[in-house]
Amino acid sequence: MSESRKVLVIGASGLIGRYVTDDLRIRGFETIGVARNFSASQRLSALDLEMPILSMPSAALARLLRERGVDVVVNCLGVLQDGPGSDTRAVHRDFVERLLQAIGDSGRATRLIHISIPGTAGEDHTAFSTTKREAERLIAASGIAHAILRPGFVIAPSAYGGSAMVRALAAFPLDLPAEESATPFQPVAVEDIAETIAWLAAHDKPSSVTWDLMQPQKISLGGVIDQFRFAFGTAAWTRIRMPAFLLDLGAKLGDLASRLGWMSPMRSTAIAELRRGVSGDPTGWMAATGIAPRTIAQMVGQRAATIQDKWFARLFLIKALAIASLALFWVLSGSIALVISFPATKAILASHGFPRWLVSPLAGTTSLMDISVGVLIAFRHTAALGLIAGILVSLGYMAGTAILTPDLWIEPLGALVKTGPAIVLMLVALLTLDSR
């Protein structure tokens, strides 16, 4: 029982994993953070290791635990929904099965702390929740010393996924539908999760435990959002209540975006889990550890919202709208020029002295280039490239027309003049592209 114990945090780039890794180091634990990828700002230590942890076989995991002398493993891995690059069964169940095998084969008395979800198996109706529960059963049957932690809705200084969406809703004059707003939604401060993990890392007992981590006071989702409204200064605003079908439509659009690589918090699984609610009984956890969990008022109201808090909340939804608008803008403008207005495009070029043999290839090439820019922006992994290309192409159009067809700058609708604001919007989208 000491801070000399070595801790391995798996999923150290996520909302919980990153905070826990940093917190354990501050407390004096030698902590190795492992993730598939870290952002540049997250690479704080030589002990932050990038490795393909999900694809590692149990023998490789056992070697990692043995060679690094790991005493405690904290598993923070989780994905919301199946999609490109995300497999709930592979992440939640299959990896845990290999990890348990690795712990058993490592030759060390390693304890597993596993981050799960609240609720019971009878309430599990999504691949997210059922695979999480399967992992719990595997851990319970393994005979390995473990702690299964079931945090409520996590409130942290940083925001990602659902916590970012709650902030965004608080920043706009919108209310959720009445039924969803009344859903039980007990939150927990990420600080309380980190304190619990530090307590477990420093104690041998209890050897096997499952705890709900959340404030004991009951509260609804609407109540959680209201606390952020008080912090943002928007509590007195008149609000419009959204119809339920808008949530379902947003979930469908979020599912579509996930197919393009965007990890939208507004997906069908998120809405299903939202409607299920977040509730549990934290008394066992509180009695064992002596931790008095923060209330939502303490989590959110202990300091005034900063300008960066407000900007993030306001821009979170606008960022998605900007990306979608820019992708559609480029695809549609290129398609219109290529299909509907192709004769008119050729006529404009011909009227400005372009050789007849060059008119069709030039019109077709620029149209296809516009479409390509839109497609690049639409996919998450190529969005930055697409936005940079869009800015360069736009500047090229402006410079080219200024030299070759300057009269187009003064045409009545001012199409070229409007290119400037489009460039600014692409720059804003590029600068807000990071999600962590």
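So, here's what we can say about the structure. (Residues numbered from 1 in each chain as written. Predicted model: local features only at pLDDT ≥ 70, side-chain atom pairs only at ≥ 80, totals over all residues. Heavy atoms only, no water.)

## Concerning helix H7 (residues 190-202)
As a reminder of what qualifies: By the criteria applied, helices consist of DSSP H or I runs no shorter than four residues and strands consist of E runs no shorter than two, each listed in order from the N terminus. To estimate how far a helix should extend, the number of its residues minus one is multiplied by 1.5 Å. Any residue under 20% of the maximum accessible area for its type is buried, any over 50% is exposed, and the rest in between are partly exposed; the area is computed with a 1.4 Å probe on protein chains only.
Compared with the 18 Å implied by 1.5 Å per residue over 13 residues, the 19 Å span of H7 between its first and last C-alpha is a close match. With 11 of 13 residues buried, H7 is to be regarded as a mostly interior element. Three or more residues of H7 are buried, namely Val190, Asp192, Ile193, Ala194, Thr196, Ile197, Ala198, Trp199, Leu200, Ala201 and Ala202.

## Observations concerning the sheet that holds strand S6 (residues 146-151)
Which entries qualify depends on this criterion: Pairing between strands is defined by DSSP: at least two bridges between them are needed. Each axis is a line fitted through C-alpha atoms, and for a helix only the stretch in contact is used; angles between axes span 0 to 180 degrees, taken between their N-to-C directions.
On the basis of which strands lie adjacent, the open sheet formed by 7 strands has the order S3-S2-S1-S4-S5-S6-S10 and parallel pairing. Strands at the two margins of the open sheet, each flanked by one partner only, are strand S3 (48-50) and strand S10 (208-213). Between one strand axis and the next, the sheet turns by 15° as a mean value, whatever way the strands run. Both strand S1 (residues 6-10) and strand S2 (residues 30-35) contribute to a ladder of 5 bridges, which runs parallel. The residue bridging Val9 from the neighbouring strand is Gly33, located in S2.

## Overview of the packing of helix H13 (residues 307-340) against helix H15 (residues 356-378)
Put simply, the rule is: Here the angle decides the label: under 35 degrees means roughly parallel, over 145 means roughly antiparallel, 65 to 115 means roughly perpendicular, and every other value means oblique. Two helices crossing with the near one rotated counterclockwise from the far one by less than a right angle form a left-handed crossing, whereas a clockwise rotation gives a right-handed crossing. Should any heavy atoms of two residues lie within 4.5 Å, those residues are counted as being in contact. Amino acid classes used here: Ala, Val, Leu, Ile, Met, Phe, Trp, Tyr, Cys and Pro are nonpolar; Asp, Glu, Lys and Arg are charged; the rest, including Gly, are polar.
Look at H13 against H15: their axes get within 7 Å of each other, and the N-to-C directions meet at 160°. As the angle between them shows, H13 and H15 are arranged roughly antiparallel. Considering the relative orientation of H13 and H15, their crossing is left-handed. Each of Ile323, Leu326, Ala327, Trp330, Val331, Ser333, Gly334, Ser335, Ala337 and Leu338 in H13 lies in contact with H15, whose residues at this interface are Gly364, Ser367, Leu368, Asp370, Ile371, Val373, Gly374, Val375, Ile377 and Ala378. Tallied by class, the residues present in the contact of H13 with H15 amount to 13 nonpolar, 6 polar and 1 charged.

## Notes on the pairing of strand S4 (residues 72-75)
Rules: The crossover handedness rule: strands pointing away from the viewer, path from first strand over the helix to second strand clockwise, crossover right-handed.
Side chains Val72 and Val74 project from S4 onto one buried face, and the interleaved Val73 and Asn75 project onto a second face that is buried too. Pairing of S1 with S4, which is carried by 4 bridges, proceeds in the parallel orientation. Residue pairing across strands places Ile10 opposite Asn75, the latter belonging to S4. Regarding topology, helix H3 (residues 88-105) serves as the crossover connection from S4 to the parallel strand S5 (residues 111-115), and that connection is right-handed.

## Observations regarding a nonpolar patch on the surface
Applied cut-off: Excluding any residue in a salt bridge, patches collect residues exceeding 30% relative accessible area, merging like charges within 9 Å and nonpolar Val, Leu, Ile, Met, Phe, Trp and Tyr side chains within 5 Å. Note on areas: these come from Shrake-Rupley sampling with a 1.4 Å probe, and a residue is covered only by the protein chains present in the view. Salt bridges, as used here, are contacts in which a Lys or Arg side-chain nitrogen is within 4 Å of a carboxyl oxygen on Asp or Glu.
Residues Phe245, Leu246, Leu249, Leu253 and Leu256 make up a contiguous nonpolar surface patch of roughly 490 Å² in combined accessible area. Inspection of the secondary structure assignment puts Phe245 in helix H9 (residues 244-259). Residue Phe245 is classed as exposed on the basis of its relative accessible area of 54%.

## Some remarks on the nonpolar core
Threshold: Only buried residues count toward a nonpolar core, which is a set of Ala, Val, Leu, Ile, Met, Phe, Trp, Tyr and Cys residues joined through side-chain atoms within 4.5 Å.
Judged by nonpolar contacts, the single largest core of 34 residues is most densely connected at Leu149 and Ile197. Broken down by secondary-structure element, the contributors of at least two residues to this core are S1, helix H1 (15-26), S4, S5, S6, H7 and S10. If near-sequence neighbours (up to four positions away) are discounted, Ile197 is found in contact with Val20, Leu24, Val74, Ile113, Ile115 and Leu149.

## Notes on unusual backbone geometry
Of note, the amide linkage connecting Lys205 to Pro206 takes the cis form, showing an omega dihedral of -5°. Within the element layout of this structure, Pro206 appears in the loop between H7 and S10.

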